[in-house]
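# Analysis of the macromolecular model
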Amino acid sequence: MASNKDYLTFILEQLSDLDDISYRAMMGEYILYFRGKIIGGIYDDRLLVKPVQSAISLMPTATYELPYEGAKEMLLVEDIDNREFLCNLFLSMYEELPAPKKKRTTSKK
């Protein structure tokens, strides 16, 4: 089941106090980026984030869910109506997220 664009718009509005939030549509779902790092995504109209220690600490009772079959488990963010919580969650997670992978360049021979 693909995610609804209205849900994406709502989440982006909740995060509008943060600089440099972006997304990429991928097979009916949306990957979320914060300052260039993948922080999570919207899958089946659920906000899921990477299970880094700061996210686990801020959401100790959060459930682990699969964004799609064959993927690694992520944390379900249930308190999406709390703008301050969401912004704080993303800010606290940022340092623990891996740097973006360098894109490979192919050389012409």
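All values derive from a computational prediction rather than experimental measurement. In this convention, every chain numbers its residues from 1, walking through the sequence in written order. Given that this is a predicted model, residues contribute local features only at a pLDDT of at least 70 and side-chain atom pairs are listed and counted only at 80 or more, while totals for whole chains, interfaces and linings are drawn from all residues. Hydrogens and water are ignored here; the side-chain numbers use all heavy atoms of the structure.

## Side note on the overall build of the protein
Along its length, the protein carries three helices and six strands. A helix here means a DSSP run of H or I that spans at least four residues, while a strand means a run of E at least two residues long, and both kinds are numbered starting from the N terminus. Each helix and strand of the protein, ordered N terminal to C terminal, gives the series α-β-β-β-β-α-β-β-α. Only the C-alpha atoms count toward the radius of gyration. The rule for a globule is 2.2 Å times the residue count to the power 0.38. Relative to a compact globule of 109 residues, whose C-alpha radius of gyration would be 13 Å, the protein shows 14 Å and is just as compact. Along the first, second and third principal axes, the C-alpha set of the protein runs to 55 × 30 × 25 Å. Within the protein, buried positions represent 39% of all 109 residues. In the protein, the share of contacts with a sequence separation of at least 24, taken over all contacts with a separation of at least 6, comes to 53%. Each accessible area is a Shrake-Rupley estimate made with a 1.4 Å probe; only the visible protein chains count as cover when residues are assessed. Surface exposure of the protein reaches about 7200 Å², of which carbon and sulfur atoms provide 52%. Side-chain charges of the protein comprise 14 positive and 17 negative groups, with the mean position of each set lying 17 Å from the other. Exposure classes here rest on a 1.4 Å probe applied to the protein chains alone. A residue is buried below 20% of its type maximum, exposed above 50%, and partly exposed in between. We call two residues contacting when some pair of their heavy atoms lies within 4.5 Å. Neither His nor the chain ends is counted toward charge; the positive residues are Lys and Arg and the negative residues Asp and Glu. In this description, the location of a charge corresponds to atom NZ of lysine, CZ of arginine, CG of aspartate or CD of glutamate.

## Some words on the packing of aromatic side chains
Geometrically, a pair of aromatic rings is defined through the distance of the ring centres and the angle of the planes. The criterion for an aromatic pair is that two Phe, Tyr or Trp rings (for Trp, the six-membered ring) have centres within 6.5 Å, with stacked assigned to planes under 30 degrees apart, edge-to-face to planes over 60 apart and tilted to the rest. With the rule as written, the count across this model stands at four aromatic pairs. Between Tyr-23 and Tyr-30 the ring centres are 5.8 Å apart and the planes differ by 75°, which places this aromatic pair in the edge-to-face class. With a centroid separation of 5.5 Å and 80° between ring planes, the pair formed by Phe-34 and Tyr-94 is classed as edge-to-face. Within this pair, whereas Phe-34 is found in strand E2 (residues 29–34), its partner Tyr-94 is found in the segment after helix H3 (83–93), the two being separated by 60 residues in sequence. With relative accessibility at 16%, the residue Tyr-94 sits in the buried group. One aromatic cluster in this structure is built from Phe-34, Phe-90 and Tyr-94. The ring of Tyr-94 carries the charged tip of Lys-37 above its face, separated from the ring centre by 4.2 Å. Throughout this description, the term charge over a ring refers to an Arg CZ or Lys NZ atom that lies within 6 Å of the ring centre and within 35 degrees of the ring normal.

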